[in-house]
Amino acid sequence: MKLKDKNVFITGSGQGIGKQIAIAMAKEGANVAVSDINIENAGAAAQEIRSLGRKSIAIKLDVSKQNEVIAAFETFKNEFGVLDILVNNAGITKDTLVLRMKDDDWDAVINVNLKGTFLCSREAIKLMVKQQHGNIISMSSVVAFTGNPGQVNYSASKAGIVGLTKTIAKEYASRGIKANAVAPGFIQTAMTEAIPEKIREEMKKNIPLGYFGAPEDVANAVIFLASSDADYITGQVLHINGGMYM
Ligand code: NAP
């Protein structure tokens, strides 16, 4: 087991990639706090993890709200004591072309994807500095590197996560805290199922491996970065995209 007895906090993990990461980490021996804006989904994921014999709780959390983030990490600290790993996974899209983008849609995506990652990382670092160890893994995206028409807010938020990750890595390496990001390409989840079939088929033509990835592909990369196999890796972005960006 690569994560035996590690305590993990994962945001947006009631479904999709986050849920897959939560369950895969539990199978590697981790205890997991499943947090999500949707508490029913979080509760179901936590139940699934407990049935694997690991400790798990569900926490209702909108990552864009500072008061909720502070309360969630307080709950985590009371339940688990030590925070070994934070996975900043929660993310949303509100796609449209730049000239049609409403301020509210810009703000919503930046607030959840980028500010949420900052707020959770800050609370995590407060605990990790005291412990003198910790590992933060945040979800970027291939579009942070390639751009993508219709995703000016999303691609900017995911590029911001890369800068945030490198800065945290530099600021806190001396305290035993690491920070890395993963940048998935197109992964089969509710987020990509919302894209019309015709466009999805077009998108596959730009993927050398010729198919969308599975949530497991992302979970495997996160487990690698969370494990001692990646002890000497910090401030990096691991790309998981079937070759669509090299
Ligand atoms: P998903 O299926 O939509 O799951 C995202 C989860 O986050 C949902 O449970 C969602 O709850 C929750 N959430 C939404 N707003 C939240 C908030 N303010 N606070 C806390 N939780 C919130 O998406 P996914 O495809 O698994 O994506 C997970 C992460 O990977 C995201 O950061 C995404 O940007 C990134 N990513 C995905 C892909 C892809 O191809 N799927 C590619 C690159 C990167 P509700 O459903 O109730 O809103």
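Rules behind the numbers
Residues numbered from 1 in each chain as written. Predicted model: local features only at pLDDT ≥ 70, side-chain atom pairs only at ≥ 80, totals over all residues. Heavy atoms only, no water. Axes fitted to C-alpha atoms, helices over the stretch in contact; angles between N-to-C directions. Helix = DSSP H or I, 4+ residues; strand = E, 2+ residues; numbered from the N terminus. Parallel < 35°, antiparallel > 145°, perpendicular 65-115°, else oblique. Left-handed = near helix turned anticlockwise from the far one by under 90°. Contact = heavy atoms within 4.5 Å. Nonpolar A, V, L, I, M, F, W, Y, C, P; charged D, E, K, R; others polar. Polar contact = N/O pair within 3.5 Å; in protein donor to acceptor, adjacent residues only side chain to side chain. Phe/Tyr/Trp six-rings, centres within 6.5 Å; stacked < 30°, edge-to-face > 60°. Buried < 20%, exposed > 50% of the residue type's maximum accessible area, 1.4 Å probe, protein only. Lys NZ or Arg CZ within 6 Å of the ring centre and 35° of its normal. Pairing = 2+ DSSP bridges. Salt bridge = Lys/Arg side-chain N within 4 Å of Asp/Glu carboxyl O. Right-handed = clockwise from strand over helix to strand, strands pointing away.

### A short note on the packing of helix α4 (residues 103–131) against helix α6 (residues 152–172)
- Two elements in contact, α4 and α6, have axes separated by 8 Å at closest approach and are oriented at 15°. In terms of orientation, α4 lies roughly parallel with respect to α6. In this structure, α4 meets α6 at a crossing whose hand is right-handed. For the pair formed by α4 and α6, the contact residues are D105, W106, V109, I110, N113, L114, T117, F118, S121, I125 and V129 on the first element and V152, N153, Y154, A156, S157, K158, G160, I161, L164, I168 and Y172 on the second.
- Looking at the contact of α4 with α6 residue by residue, the classes come out as 14 nonpolar, 6 polar and 2 charged.

### Some remarks on the side chain of N31
- Turning to its location among the elements, N31 is positioned in strand β2 (residues 31–36).
- In this structure the side chain of N31 is engaged in a polar contact, spanning 3.1 Å, whose partner is the side chain of N7.
- At 3.1 Å, the side chain of N31 and the backbone nitrogen of K55 are in polar contact.

### Brief notes about the packing of aromatic side chains
- This structure, assessed with the given rule, holds 5 aromatic pairs.
- Look at F145 and Y245: their rings are 5.5 Å apart centre to centre, the planes differ by 35°, and that puts the pair in the tilted class. Of this pair, F145 sits in helix α5 (residues 143–146) while Y245 sits in the segment after β7 (237–240); the two residues are 100 residues apart in sequence, bridging distant segments of the chain.
- Of the residues examined, F145 reaches a relative accessible area of 30% and is grouped as partly exposed.
- Classification of Y245 by relative accessible area gives partly exposed; the value is 30%.
- Put simply, the rings of F9, F73, F76 and F80 pair up and form one aromatic cluster.
- If you follow K55 out to its NZ or CZ, it ends over the ring of F80, 4.9 Å from the centre.

### Considering the sheet that holds β2
- The strand order across the open sheet formed by 7 strands is β3-β2-β1-β4-β5-β6-β7, and the pairing between neighbours is parallel. Either end of the sheet is taken by a strand with one partner, and the two such strands are β3 (56–60) and β7. Averaged over all pairs of adjacent strands, the angle between their axes in this sheet comes to 15°, without regard to strand direction.
- Relative to β2, strand β1 (residues 7–10) runs parallel, the two sharing 4 bridges. Following the sheet pairing, N7 is matched in β2 by N31.
- The strands touched by helix α1 (residues 16–27) within the sheet are β1, β2, β4 (85–88) and β5 (134–139), with β1 carrying the most contacts at an inclination of about 175°.
- Running at roughly 170° to β3, helix α2 (residues 39–50) makes contact with β2 and β3 of the sheet.

### So, the pattern of salt bridges
- In total, this model carries 10 salt bridges according to the counting rule given.
- Residue K55 pairs with E79 through a salt bridge whose shortest N-O separation is 3.9 Å. Of this pair, K55 sits in the loop between α2 and β3 while E79 sits in helix α3 (residues 66–80), placing them 24 residues apart in sequence.
- Between E197 and R200 there is a salt bridge, and its shortest N-O distance comes to 3.2 Å. Highlighted residues: E197 and R200, both in helix α8 (residues 197–204), separated by 3 residues, approximately one helical turn.
- Assessed through its relative accessible area of 46%, E197 is described here as partly exposed.
- Within the structure, one salt-bridge network assembled from shared partners comprises K4, D5 and R54.

### Focus: the pairing of β1
- Alternating positions in β1 separate into two faces, N7 and F9 on one and V8 and I10 on the other, with burial throughout.
- Between the parallel elements β1 and β2, the chain passes through α1 in a crossover that is right-handed.
- The sheet contact formed by β1 and β4 spans 3 bridges and is parallel. Across the sheet, residue V8 finds its bridge partner in β4, namely I85.

Function-wise, these values are silent; they only describe arrangement.
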